[in-house]
Amino acid sequence: MDQKGAPGDLSHLREEYHRFAAKRYLFLAGCGILILILIGIATTLGSADLTIGEVYAAIIARFFPSVVESTPLASTIVWEYRLHRIFFAIAAGFGLGIAGAVMQGVLRNPLASPFTLGISAAASFGASIVIVFGIGGFANDIAIIIAAFVFTLLATFGIYSLSRVRGISPESMILAGIILMYLFSAMTSFLQYIGTVDQLQEVVFWTFGSLQRTSWGKLALVSLVVGLCIPFIMLRSWDLNAMGQGDQVAKSMGVDVSRTRTRLMLIASLVTAIIICFTGVIGFIGLVAPHITRLAIGGDNRFLLPASGLVGGALLLTADSLARTVLAPAIIPVGIMTSFIGIPFFLYLFLRKREGYW
Amino acid sequence: MKLLFMVLAAAVCLMIVLPASAGLPGDASGNDHLEKQELVSMILSALKDSTTLQDARDAAYVYSNWNGSPKKIIDSSGKERVIWRPFHRIVVMNSETLETMRSIGYDTSTVVGVDKYTLKATAFFPEFKNTPGIGSIWAPDYEKIVSLQPDAVFVYAEISRSSCDEIEENLAKTSPGVTVLRFDCYLPESYPGEIGILGDLLDCQEGGREFLEFYTSNIDTVTSRVAAVPENERIKVYFETWNDYKTCAAGSGYDQKIRMAGGSNIFGNEAGEYPELDPEAVLASSPEAVIKLVGSMKYTFGGYNGGEEEIFRQTHDALVSRKGWKSLPAVRDNRTYLIHTDILGGPHFFVGVQYMARWFYPDRFSDLDPVCVHAEYLTRFQGLPASIVEDEIFVYPRLRR
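Given the structure is predicted, the values throughout are model-derived calculations rather than measurements. (Residues numbered from 1 in each chain as written. Chains lettered and ligands numbered in written order. Predicted model: local features only at pLDDT ≥ 70, side-chain atom pairs only at ≥ 80, totals over all residues.)

### As for the overall build of chain B
And then number 1: Scanning chain B from terminus to terminus reveals 16 helices and 11 strands.
And then number 2: Split into buried and exposed, the 401 residues of chain B put 44% on the buried side.
And then number 3: Sequence separation of 24 or more characterises 63% of the internal contacts of chain B that already satisfy a separation of 6 or more. (Helix = DSSP H or I, 4+ residues; strand = E, 2+ residues; numbered from the N terminus. Buried ≥ 20, exposed ≤ 12 C-beta atoms within 10 Å, placed from the backbone. Contact = placed C-beta atoms within 7 Å.)

Structure representation (structure tokens):
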């Protein structure tokens, strides 16, 4: 081996790595700034025709009531209807984006997402049971949230249990997910079949996804769960990178592949469950945000995971802002709008990047 | 092999018992007109062969009631329907038409099949609780329909048009002798006409006229007084279905009914018949009256199937306690109301329209008594006791009389 050139080569590699990392940090910072700008714009959008001045006066007046005055109407609209919805969109988009990236990484499959693994189908089934059988009566909304959450977790444990029979591997998990997806979809279709036309409409609407029912309390809960899960996911980003090279490589590097795979899947499912039980099915974010991010900055999970979350947040906030304004005062379900804006962007990147990125 | 033979034999038997193909009974000349001589021959033939007795009865009916010609009507789908003989077995897949049949005095003992919603409405349709169910227009049980051997099947004209088109096409293929008739019986713009056509179709002209007079007088009482209110002075109404923040717009029956009662539907010009709204739009629109529809989904209580007043109160309280709503003119002035779909969604929507007119313009309609009109409708046209109106809750707050 040529020992002489080694010091120079190392410095060159170090520089290259710094450039590599700087580019990715720049992407993360760019996404953060983009989200801040989107928040600034989204706050001023709405059916109530508040001026930009009225909106920001209402925000500032909450903290400095003696400095700026605001009308009760503007204050109610901004604080009780807009802001928590905007932050919920970011938190939910972040959670779905990062959960999708984890699932794709863990299963080494570009099509893995809560939607394709049957988790969304399970949530839909839980919601459908409550809607069709009228469970909860007056507290029907809460019953839907609980049922969707419980069935999402049941599906997760179902995937885990089924795949354990065949040995925890990407293939067994994906097959188990597909089995459960078809099972829950069939059961939901059966409920739709026996339900009334109003119930059918409600089930379909739930599956479109909506941020209409957000509140500060729900935002706090979602943020707490997503916030608690992120450190664990990030700590495992190196393991994910190793697993991306194959289970044997990861094992040779000391990664407990089965345990890491199981834990990350459970956490990603928990994050998904806590979000979609409130919003309905917004499956597309979990699929497309990691892909968009991967096309932009590559597959290093240390950057891919947080960036997928940020892209997911930006995507969902943009989609929801458009959903609120395109046909205002009518609202388009956000799940529909997410696909409308995500697909062209995704398609552009997909066609532009000629080399395989996955 | 034996099983296959049995199945084929059953299918052949089923085909044999299907209704006869189109044509006037006894019309030997085939000129679509029954002459006196043809009727006499038909009756003489029936005296010899009892299997043609029903044909002879039908021929006599057609000759004496329809002047020997087939009956031709145009139903709400705009299609001309030719009726060759009186109906003996009918299937009604829309409860609104069934209710209207009762209103015009039709003998509903010929109804041999009803939809699942009629079966569920045991308080309003008690006489059909043991009638065979044929599913719904969205999930029809074709085997059951065919096995009931109906000579007419009633479905909707506008509601779920594609489902009803499919039913019509399927029955035309499998049972060409069955006449499919399409009526809605819930839209203000078409209902008076439908009453008249149903009266003609079912030979209940007198009952049809009587009910139409009752209906028209009750609607006219409202619309004639509302006409005096200038458009720009009409009360601004926010109407909400049983899905929170889902309203009604132009093209929907509810929008027509609000306007009929003199209300200005705030979101009447939005796209789609039932748009879901941004909650802040409702706040910004400052409605002077709020009408919330109950009777389905999480608001399944009240109406003919009964319900406690307490749940109406809780629903009303939750409505007025929504964030920011206390500043709405409607809430400030206590003009927020719950109304059950039983008196606004179906054929007796005129009762609901009268309630709304009382709420919108209490001075102009102080003499209007929708409770009394409701009771009269039930006793005179539906054969139901008036006590239902007092025992059950259809609006909240209940009207002070």
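Here the narrative resumes.
### Digging into the overall build of chain A
And then number 1: When you go through chain A residue by residue, the secondary structure sums to 14 helices and 0 strands.
And then number 2: Starting at the N terminus, the α and β elements of chain A follow one another as α-α-α-α-α-α-α-α-α-α-α-α-α-α.
And then number 3: Its C-alpha atoms give chain A a radius of gyration of 22 Å, within 12% of the compact-globule value 21 Å for 358 residues.
And then number 4: Split into buried and exposed, the 358 residues of chain A put 49% on the buried side. (Rg over C-alpha atoms; globule rule 2.2 N^0.38 Å.)

### Here we look at the interface of chain A and chain B
The accessible area lost on association of the parts is a frequent measure of interface size.
And then number 1: On the chain B side, the residues contacting the 26 residues of chain A number 26 residues.
And then number 2: Elements represented by at least two residues in the side of chain A that touches chain B include exactly α3 (72-107) and α7 (197-208) of chain A.
And then number 3: With 7 residues, the top contributor of residues to the side of chain A that touches chain B is α3 of chain A.

### Structural notes on the sheet that holds strand β3 (residues 90-92) of chain B
Residue and element names in this part refer to chain B.
And then number 1: Here 4 strands make up an open sheet; going across it, the order is β4-β3-β5-β6 and the pairing parallel. Two strands in the sheet have a free side with no partner beyond their single neighbour: β4 (111-114) and β6 (179-182). With strand direction ignored, the average angle separating the axes of adjacent strands in the sheet is 20°.
And then number 2: Bridge count for β3 against strand β5 (residues 152-155) is 3 bridges, and the pairing is parallel. Of the residues in β5, the one forming a bridge with V91 is V153. (Pairing = 2+ DSSP bridges. Axes fitted to C-alpha atoms, helices over the stretch in contact; angles between N-to-C directions.)

### Some thoughts on the confidence of the model for chain A
And then number 1: With 95% of its residues at a pLDDT of at least 70, chain A reaches an overall mean of 86.
And then number 2: Across chain A, helix α13 (residues 301-325) of chain A holds the top mean pLDDT of 94, while helix α14 (residues 334-352) of chain A sits lowest at 80. (pLDDT = per-residue confidence, 0-100.)

### Re the pairing of strand β10 (residues 336-340) of chain B
Residue and element names in this part refer to chain B.
And then number 1: In terms of burial, β10 is a largely internal element, 5 of the 5 residues being buried.
And then number 2: Both strand β9 (residues 289-294) and β10 contribute to a ladder of 5 bridges, which runs parallel. Opposite L293, over in β10, you have I339 as the bridge partner.
And then number 3: By the bridge criterion, 2 bridges tie β10 to strand β11 (residues 395-396) in an arrangement that is antiparallel.

### Regarding helix α4 (residues 95-103) of chain B
Residues and elements named next belong to chain B.
And then number 1: With 9 of 9 residues buried, α4 lies mostly within the body of the structure.
And then number 2: Taken residue by residue, α4 has S95, E96, T97, L98, E99, T100, M101, R102 and S103 as its buried positions.
And then number 3: One or two residues past the end of α4 sits G105, with phi positive at roughly 85°.

### A word on the environment of P72 of chain A
All names here are of chain A.
And then number 1: With respect to the element layout, P72 can be found in helix α3.
And then number 2: With 11 C-beta atoms counted inside 10 Å, the residue P72 sits in the exposed group.
And then number 3: Taking the C-alpha atoms as reference points, P72 and A58, 14 residues apart in sequence, are found 8.6 Å from one another.

### Notes on the pairing of β6 of chain B
All names here are of chain B.
And then number 1: What you see with β6 is no split at all: T179 and L181 on one side and V180 and R182 on the other are buried throughout.
And then number 2: Pairing analysis gives 4 bridges linking β5 to β6, with the strands arranged parallel. Paired with V153 across the two strands is V180, which belongs to β6.
And then number 3: Crossover connection from β5 via helix α7 (residues 161-174) to parallel β6: handedness right-handed. (Right-handed = clockwise from strand over helix to strand, strands pointing away.)

### Observations concerning the nonpolar core
And then number 1: Residues V102 and A148 of chain A together with V153 and A357 of chain B are the most contacted members of the largest nonpolar core, which totals 218 residues.
And then number 2: The element that contributes the greatest number of residues to this core is α3 of chain A, accounting for 21 residues.
And then number 3: Ignoring sequence-local partners within four residues, the contact set of A357 of chain B consists of V222, V226, A261, G262, F365 and L368 of chain B. (Core = buried A, V, L, I, M, F, W, Y, C linked by C-beta atoms within 7 Å.)

### Quick word on α14 of chain A
Since the α-helix turns once every 3.6 residues, residues separated by three or four places project in the same direction.
Residues and elements named next belong to chain A.
And then number 1: In this model, α14 (19 residues) spans 27 Å end to end at C-alpha, consistent with the 27 Å of a helix rising 1.5 Å per residue.
And then number 2: At G342, α14 is deflected by roughly 25°, the largest bend along its length, and proline P344 occurs up to four residues later in sequence.
And then number 3: Restricting attention to buried positions, one finds in α14 the residues V334, G335, M337, T338 and G342.
And then number 4: Next to the buried residues of α14 lie α7, α12 (283-297) and α13. (Expected span 1.5 Å × (residues − 1). Bend = angle between axes of the 7 residues up to and from the residue.)

### Some remarks on the packing of helix α10 (residues 253-260) of chain B against helix α14 (residues 349-360) of chain B
How two helices sit against one another is set out by the angle between their axes and by the gap between those axes.
All names here are of chain B.
And then number 1: Running from amino to carboxyl end, α10 crosses α14 at an angle of 45°, the nearest separation of the two axes being 9 Å. Relative to α14, the element α10 lies oblique. Between α10 and α14 lies a crossing of right-handed hand. Only F349, G352, V353 and M356 of α14 make contact with α10, whose side of the interface consists of K257, I258 and M260. (Parallel < 35°, antiparallel > 145°, perpendicular 65-115°, else oblique. Left-handed = near helix turned anticlockwise from the far one by under 90°.)

### Observations regarding the sheet that holds strand β8 (residues 263-265) of chain B
Residues and elements named next belong to chain B.
And then number 1: The strand order across the open sheet built from 5 strands is β8-β7-β9-β10-β11, with neighbouring strands paired in mixed fashion. Of all the strands in the sheet, just β8 and β11 have a single pairing partner and so form its edges.
And then number 2: Its contacts with the sheet put α10 on β7 (235-240) and β8, and the angle it makes with β8 is roughly 145°.

### Some thoughts on the packing of helix α4 (residues 119-133) of chain A against helix α6 (residues 170-194) of chain A
Residue and element names in this part refer to chain A.
And then number 1: Running from amino to carboxyl end, α4 crosses α6 at an angle of 20°, the nearest separation of the two axes being 8 Å. Accordingly, the angle class assigned to the pair α4 and α6 is roughly parallel. For the pair α4 and α6, the crossing hand works out as left-handed. Residues A121, A122, S124, F125, S128, I129 and V132 of α4 lie in contact with α6, whose contacting residues are L180, M181, F184, S185, M187, T188, L191, Q192 and I194.
And then number 2: In terms of residue class, the contact of α4 with α6 is made up of 11 nonpolar, 5 polar and no charged. (Nonpolar A, V, L, I, M, F, W, Y, C, P; charged D, E, K, R; others polar.)

### Points about the environment of D58 of chain B
All names here are of chain B.
And then number 1: Looking at the element boundaries, D58 is found in helix α3 (residues 53-65).
And then number 2: Residue D58 is classed as partly exposed on the basis of its C-beta count, with 19 C-beta atoms lying within 10 Å.
And then number 3: Each C-alpha atom of the pair D58 and Y274 lies 46 Å from the other, and the pair is 216 residues apart in sequence.
And then number 4: In contact with D58, not counting residues within four places along its chain, are P25, R85 and P86.

### What to know about unusual backbone geometry
And then number 1: Across the junction of A328 of chain A and P329 of chain A, the peptide omega takes the value 5°, indicating a cis bond.
And then number 2: One can find P329 of chain A in the loop between α13 and α14.
And then number 3: Geometrically, the link from Y396 of chain B to P397 of chain B is a cis peptide bond, its omega value of -5° lying close to zero.
And then number 4: With respect to the element layout, P397 of chain B can be found in the segment after β11.
And then number 5: Positive phi, normally seen in glycine, also occurs at C185 of chain B, with a value near 60°.
And then number 6: Take C185 of chain B: it is sitting in the loop between β6 and α8 (191-201).
And then number 7: Unusually for a residue other than glycine, Y245 of chain B sits at a positive phi of about 65°.
And then number 8: With respect to the helices and strands, the residue Y245 of chain B is situated in the loop between β7 and α10.

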